[in-house]
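Descriptive analysis of the structure
If you want the building blocks of each chain, they are given just below.
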Amino acid sequence: MRYLLTISFLLLLSSFGMQAQNQDDATEFNTCPYTDAEFYQNIVLRYEYPEQRLVAIDVETGNVSHMIEENLELVEWGVMEWSPDCRYVVGLINRYAGMRLWDVVEGRFLQSFSYRRDSWPYERGAKVAWSPDNQQALFRTQNGFFIWRALNNSTTLLTYPAGIEYYYRSPNLNTVYWDYARNQIITSGNPGAIAFDMSSGAERFVYNPVYLTQELSRDEQFYSLDSTIEVSHDGKLLIVFTDPTSSDRSRDARLAVWDLNTNEGIDLNVVGAPGSWDRIALSPDNRYLVIGYEYLRVWDLHNLAESYEERRPVYYFDGPEAFIWRVEMLESDVIETYSDDGIQRWDLHTGELLD
């Protein structure tokens, strides 16, 4: 979906654990993986221990292309995250002591952040989420969540209403929607989704599935961290999928549809339909909602029953034989699935595989 970024989990920590004095051999993470990006350069980042400096090395010549930062004393470091346009890079330094943000194009240090090591199941999710224009990023740190802005290299702390402890409203950054039309950031969180003002960082609204909030105690909600969001093509509808089975397999997942203009929502009856990131899709006309995982389930949002119990899928299909990685609806009557069986297209109404 437009402006919706699906954020990968933190790269394996072993990939970062490179001692600074052994940087002669670059790893795959030290060069930007987005080769078609606007600011891509055929360079590799290297920390030179004797000179205590971080430099960009021209891959073709093997010579220093330009300086990134001087007088930088590191014991250990590794590339953690590149911006999608290859201009900015985040490094994890000195055995998880902190994160450091650099502008690779201009060759300068920008910001440092504390690093929050996860304590499962309380804290999970990505550490950085980039905006679609690469001009902002959301950082998850030891001291909270910060919006960083490239324009003036400033940061803003995300804040919560008085009396609310942040870990009961903790974004997980698995999926983030940069809602420019409403000047807010919506991130998947605990246990649903949370909207923050893009300018002030203040919490605006919490999109929790109603039944989940009523059923679970505050402590039980604390454990229900597996949530993801999807936004309609026109930016009007927000889908919030929350899976409490991460802490209690006896509970069903929850699925809610929210109107972003009115902040009114309605729950759908999922009943034993577990899902995961990027396995939810909306039709272009906002009528049909699809969940894919071991099978396909379809709801007709234009014809929902008054009773929650009766708001079940209108179609139940087996779909591919393999587990579904991603599901899309680029046409109103066609479901597209991505799995080990390849990319396949299915008729929305019959479930038949299309040629």
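What counts and what doesn't
- Residues numbered from 1 in each chain as written.
- Predicted model: local features only at pLDDT ≥ 70, side-chain atom pairs only at ≥ 80, totals over all residues.
- Heavy atoms only, no water.
- pLDDT = per-residue confidence, 0-100.
- Contact = heavy atoms within 4.5 Å.
- Helix = DSSP H or I, 4+ residues; strand = E, 2+ residues; numbered from the N terminus.
- Buried < 20%, exposed > 50% of the residue type's maximum accessible area, 1.4 Å probe, protein only.
- Disulfide = S-S within 2.5 Å.
- Pairing = 2+ DSSP bridges.
- Salt bridge = Lys/Arg side-chain N within 4 Å of Asp/Glu carboxyl O.
- Axes fitted to C-alpha atoms, helices over the stretch in contact; angles between N-to-C directions.

Side note on the confidence of the model for the protein
Of the residues in the protein, 76% reach a pLDDT of 70 or more, and the chain-wide mean stands at 82. Segment residues 5-28: pLDDT under 50, and 60 contacts once partners within four positions in sequence are set aside and those in other chains are kept. Below pLDDT 50 for its whole length, residues 218-224 participates in 25 contacts with residues either more than four positions away or in separate chains.

A closer look at unusual backbone geometry
For N71, which is not glycine, the phi torsion reads 50° and is therefore positive. Topologically, N71 is positioned in the loop between β5 (64-69) and β6 (76-82). Take N71: its relative accessible area is 73%, and that puts it in the exposed class. In this model, N153 sits at a positive phi of 50°, which is unusual for a non-glycine residue. Inspection of the secondary structure assignment puts N153 in the loop between β12 (144-149) and β13 (154-157).

Focus: the state of the cysteines
A covalent bond between the sulfur atoms of two cysteines is referred to as a disulfide. Tallied over the full model, the rule gives 1 disulfide. Here C32 pairs with C86 through a disulfide, and the sulfurs are 2.0 Å apart. Residues C32 and C86 share a disulfide whose torsion about the S-S bond is about -75°; that sign makes it left-handed. You can see C32 sitting in the loop between β2 (18-19) and β3 (43-48) and its partner C86 sitting in the loop between β6 and β7 (88-93), a full 54 residues away along the chain. Here C32 matches C86 in class, with each residue buried.

Comments concerning the pairing of strand β21 (residues 264-268)
Sheet topology note: the strand β20 (residues 254-259)/β21 ladder contains 5 bridges and is antiparallel. Residue W258 lies in a different strand from β21, and its bridge partner there is G265. Connecting the antiparallel pair β20 and β21 is a turn made up of 4 residues, with N263 showing a positive phi of about 55°.

Looking at the pattern of salt bridges
It is possible for side chains bearing opposite charge to pair when their charged atoms get close. A complete count under the given rule lists 12 salt bridges for this structure. Of the charged contacts in the structure, one is a salt bridge between D197 and R204, with a shortest N-O distance of 2.8 Å. Across the pair R287 and D300 runs a salt bridge whose closest N-O atoms are separated by 2.9 Å. Highlighted residues: R287 in the loop between β22 (280-282) and β23 (288-292) and D300 in strand β24 (residues 296-300), separated in sequence by 13 residues.

Considering the sheet that holds strand β18 (residues 227-231)
If you trace the 4 strands from one edge of the open sheet to the other, you get β18-β19-β20-β21, paired in antiparallel fashion. This sheet does not close on itself; its edge strands, each paired only once, are β18 and β21. This sheet shows a mean twist of 20° between the axes of neighbouring strands, independent of strand direction. With 5 bridges joining them, β18 and strand β19 (residues 237-242) adopt antiparallel strand pairing. Bridge pairing links T228 to F241 in β19.

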